[in-house]
Every structure is written in C-alpha cells, then in structure tokens.
Amino acid sequence: MASVKDVARAAGVSVGTVSNVLNRPDGVSPPLRERVEKAIAELGFVRNESARQLRAGSSRTIAVVVLDVANPFFADVVAGADAAAEEHDDLVIVCSSAGSAEREARHLRRLEQQRVLGVLLSPVLDGTSAAQAEVRRRGTPVVLLDRGTPDPDQSSVAVDDVRGGALAGEHLLGLGHRRLGFVGGPLGLRQVGERLQGLRSVSDGAEVLVVESAGMSVRAGSQAAAQVLGLPPGERPTALFCANDLLAIGVLNECLRRGVRVPDDVALVGYDDISFAATTTVPLTSVRQPRELLGRTAVRLLLEQVAAGRSGGRPAGPGEEVLYSPELVVRSSTASRRSSGVAG
C-alpha cells in the first residue's frame, strides 16, 4: 500500500505538503494541491486514519453498544445515531452485549483502547457498572441509551416507559377488558419493569397476570403465549400487553397456530411500534417510541460532552437527562368494546 512518502515522491513535494493537502487543503496552492491529488489517485493511496487519530489523541468514531442487534428497535435507534453522526463527519460502529454484563464490560474496555470519541450505551444492568465508571473516569464520555439515570453527571436519553405501560392499560380497560396479561422478561430489566408498573398503575382492580418470558424475542413470545393459552378459558386473560413488539408477534403467531382469534378471543398490544407491527397478519396495536430520535439525541448529548471537555470543562462534560413521551398507535389487534365480545 502506498505511503505518504510515496505520494510526496511522486508529486515532487515534501511530506508536509502532502499532509497539508490531506488535513488543511485550503492552505495549499491549487497547482500543488492538484499535483498531490493526482499522485494520490494514481498510487491508490488510502490514508491511515487510525495512525492519525493516535497521533492526534482523538477519534471520529462513536460506538453504540446495544442489548440485542437483532432487535429492530435498536436498528432504528442506530439509524438515527448514524444519521446524526454523519452530519458531523463522524463514524458509528455497533457492538452487542447480548444481554451479558461481562460482554458489555469487555466491549467498553476495548472501545476505550480504540480511543473512540464516546460510547452510546444501552446498559444490561441498572446503576453504573465498574467498567462504565472506569472509562468515564479516564475521560471517555458515555451516554445512556433507552435508560434514565439519577446521576446528575451522567447524560441519558429514554422514553417514559411507565407512561407507555399506562397507555396500553388505559386502552385495554377502555375496551372493557378486566382480565389483563403482561408478557415480558426478564422482569429485572428496567424497561420491562417500568412498563409493567405503568400497566398496574391504571389497572383499577382489574386482574393482571404476569408471565415472565425467557427473553424479548419472537420465540419467547410464542412460548409465553403457549403458557397463557394453556389456562382454562375462565382464567385466561382477554387481553395481553407485551413488553415489546417481537414478543407480541410471537404471541400473535401462537394464537393463529392454535386457532385463537385476535382480537375476538384475545386482544393484543405491543411496544416500540417497529416497522413490522403494521404489517403482521393482524396489524398490531403498539406503544410507539421515537426510535430514531433517541439515537439522534444521544449523539447530540455525546458531542456536547466532548465539546465541554475540549473547552476546559470536565472530561465528560455536564450531564443532561432527556425523557420523551410515548404514544399509542391503535390497529386491528385490539377492537372496540362493541365488537370485541369481551366478558368481564
């Protein structure tokens, strides 16, 4: 691979002139710049960005560490982050913790070694992990993604999941359902717990059956549905609220496989409003999160922290917590009181 020295030799200029063309082209006269650019094209020169960043002590790379790269919710969040980073000529790389705190810690250490500009983190556990605290202490900004925090020095962006659970519950109760079911897991995951909390906050005496799923996947939803549908008809919930849309799609698939009608026999509400929600066999009522906006906002918070550090502020800058409100999108998986045939 051609080096800077090779380009300088071919263009008949100094290495410093080549460096100026690469980094400060406006400071080089047009004739010299054209000679260098011609040599770069002829030699197929590609600059070593890693070496440049190492010398400069800074990076143009933003890392995003998510719980599950297979979840379309996180794909949309990353798309928003990528669009915002592109506007600032930054690069986004994505890692998955796969729900493992140990794997999350390894990613954080490796990303710090790569001198990333900062990390957008959807954490596995509540509270500040030791690995997260260490990378922040040493000057790498971390913005929590899809998770709030009581730490005034920690920036975060999330959606009010308690309100989201309440929206789902209010909708189902308004349709006349008095036996509700909640599907989600693990229950120790804050988003899951807060969505259940919101549902319970508006239950107003209605029964709430909690089915802890093995995860937040389509398969886990199918397994949870089999458990619910195995109950005697008089004990079975007439409506199910799932902690995300993948679970709801799994529940819907299992209902259809067993000949259980949605929404006539069981009404169904998901969460996230991913793109698949509107295109399932029975379009899915879902609590919508502003997914791309979450990613965009996280990048903004991160770059503000970086700017604060460069201007002489604290290494990670001041913290800011952003909390968005969800909205309910009603589709065919729930029905009006008149057509649902609900028994109280």
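The model shown is predicted, which means the values in this text are computed figures rather than measured ones.

## Here we look at helix α8 (residues 161–174)
Next up, step 1: In this model α8 runs 20 Å from its N-terminal to its C-terminal C-alpha over 14 residues, within 8% of the 20 Å that 1.5 Å per residue would give.
Next up, step 2: All of the buried residues along α8 are Asp161, Gly164, Gly165, Ala166, Leu167, Ala168, Gly169, His171, Leu172 and Leu173.
Next up, step 3: One side-chain oxygen of the residue at the start of α8 lies 3.3 Å from the amide nitrogen of Val162, identifying that residue as Asp160.
Next up, step 4: Phi for Gly176, located one or two positions after α8, is positive at around 100 degrees.

## Quick word on the state of the cysteines
Chemically, a disulfide is nothing more than a covalent bond linking the sulfur atoms of two cysteines.
Next up, step 1: Evaluation of the coordinates by the stated rule reveals 0 disulfides.
Next up, step 2: There is no disulfide at Cys242, and the cysteine sulfur nearest it, in Cys255, is 9.0 Å away.
Next up, step 3: Residue classification places Cys242 among the buried residues on the basis of a relative accessible area of 0%.
Next up, step 4: The buried category is assigned to Cys255, whose relative accessible area is 1%.

## Focus: the packing of α8 against helix α9 (residues 190–201)
Next up, step 1: Between α8 and α9, the shortest axis-to-axis distance is 6 Å and the interhelical angle comes to 45 degrees. Taken together, α8 and α9 sit at an angle that is classed as oblique. In this structure, α8 meets α9 at a crossing whose hand is right-handed. Together, Asp161, Val162, Gly165, Ala166 and Gly169 of α8 and Gln191, Glu194, Arg195, Gln197, Gly198, Leu199 and Ser201 of α9 make up the contact between the two elements.

## Some remarks on unusual backbone geometry
Next up, step 1: For the bond from Gly185 to Pro186, the omega torsion is 0 degrees, close enough to zero to count as cis.
Next up, step 2: Locating Pro186 in the fold gives a position in the loop between β6 (179–184) and α9.
Next up, step 3: Following Val262, the chain continues into Pro263 via a peptide bond in cis, with omega recorded as 10 degrees.
Next up, step 4: With respect to the helices and strands, Pro263 occurs in the loop between α11 (245–257) and β9 (267–272).
Next up, step 5: The phi angle at Asp204 is positive, at roughly 50 degrees, despite the residue not being glycine.
Next up, step 6: Positionally, Asp204 belongs in the loop between α9 and β7 (207–212).
Next up, step 7: Even without being glycine, Asp273 reaches a positive phi, approximately 55 degrees.
Next up, step 8: Within the secondary structure, Asp273 sits in the loop between β9 and β10 (285–288).
Next up, step 9: The class for Asp273 is buried, based on a relative accessible area of 6%.

## Considerations on the sheet that holds β10
Next up, step 1: Spatially, the 6 strands line up as an open sheet ordered β7-β6-β8-β9-β10-β12, and their pairing is mixed. Lying at the two open borders of the sheet, with one neighbouring strand each, are β7 and β12 (327–329). If you compare each strand with its neighbour and ignore which way they point, the axes differ by 20 degrees on average.
Next up, step 2: The sheet contact formed by β6 and β7 spans 6 bridges and is parallel. Residue Gly181 lies in a different strand from β7, and its bridge partner there is Leu209.

## Notes on a positive patch on the surface
Next up, step 1: On the surface, Arg103, Arg106, Arg109 and Arg110 cluster together to form a positively charged patch.
Next up, step 2: Within the secondary structure layout, Arg110 lies in helix α6 (residues 101–113).
Next up, step 3: Owing to a relative accessible area of 47%, Arg110 belongs among the partly exposed residues under this scheme.

## Some details on the environment of Ser100
Next up, step 1: For Ser100, the position within the fold is in the loop between β2 (91–96) and α6.
Next up, step 2: Measuring from C-alpha to C-alpha, the distance between Ser100 and Glu320 comes to 26 Å, with 220 residues separating the pair along the chain.
Next up, step 3: Polar side-chain contacts of Ser100 include one of 3.3 Å to the side chain of Glu102.

## Section: the packing of aromatic side chains
Next up, step 1: Tallied over the full model, the rule gives 3 aromatic pairs.
Next up, step 2: A ring pair is formed by Phe73 and Phe74, whose centres lie 5.0 Å apart and whose planes are at 70 degrees; its orientation type is edge-to-face.
Next up, step 3: The class of Phe73 is buried, set by a relative accessible area of 2%.
Next up, step 4: Since its relative accessible area comes to 6%, Phe74 is described here as buried.

## Description of the sheet that holds strand β1 (residues 61–66)
Next up, step 1: The strand order β2-β1-β3-β4-β5-β11 describes an open sheet built from 6 strands, whose pairing is parallel. Each edge of the sheet is formed by a strand with only one pairing partner; in this case those strands are β2 and β11 (321–324). On average, each strand axis in the sheet is tilted by 15 degrees relative to the strand beside it, whichever way the strands run.
Next up, step 2: In terms of strand pairing, strand β5 (residues 155–159) meets β11 through 4 bridges, oriented parallel. Bridging from a neighbouring strand, Ser156 pairs with Glu321 of β11.

## Some remarks on the confidence of the model for the chain
Next up, step 1: In this model, the chain carries an average pLDDT of 90, and 92% of its residues clear a pLDDT of 70 or more.
Next up, step 2: Here residues 312–316 scores under 50 on pLDDT; set against residues more than four positions off or in separate chains, the count is 9 contacts.
Next up, step 3: Per-residue pLDDT stays below 50 along residues 337–344; that stretch engages in 16 contacts with residues further than four places along the chain or on separate chains.

Definitions and cut-offs
Residues numbered from 1 in each chain as written. Predicted model: local features only at pLDDT ≥ 70, side-chain atom pairs only at ≥ 80, totals over all residues. Heavy atoms only, no water. Helix = DSSP H or I, 4+ residues; strand = E, 2+ residues; numbered from the N terminus. Expected span 1.5 Å × (residues − 1). Buried < 20%, exposed > 50% of the residue type's maximum accessible area, 1.4 Å probe, protein only. Polar contact = N/O pair within 3.5 Å; in protein donor to acceptor, adjacent residues only side chain to side chain. Disulfide = S-S within 2.5 Å. Axes fitted to C-alpha atoms, helices over the stretch in contact; angles between N-to-C directions. Parallel < 35°, antiparallel > 145°, perpendicular 65-115°, else oblique. Left-handed = near helix turned anticlockwise from the far one by under 90°. Contact = heavy atoms within 4.5 Å. Pairing = 2+ DSSP bridges. Patch = residues over 30% accessible without salt bridge, like charges linked within 9 Å, V, L, I, M, F, W, Y side chains within 5 Å. Areas by Shrake-Rupley, 256 points an atom, 1.4 Å probe, with all protein chains shown as cover. Salt bridge = Lys/Arg side-chain N within 4 Å of Asp/Glu carboxyl O. Lys, Arg positive; Asp, Glu negative; His and termini not counted. Charge placed at Lys NZ, Arg CZ, Asp CG, Glu CD. Phe/Tyr/Trp six-rings, centres within 6.5 Å; stacked < 30°, edge-to-face > 60°. pLDDT = per-residue confidence, 0-100.

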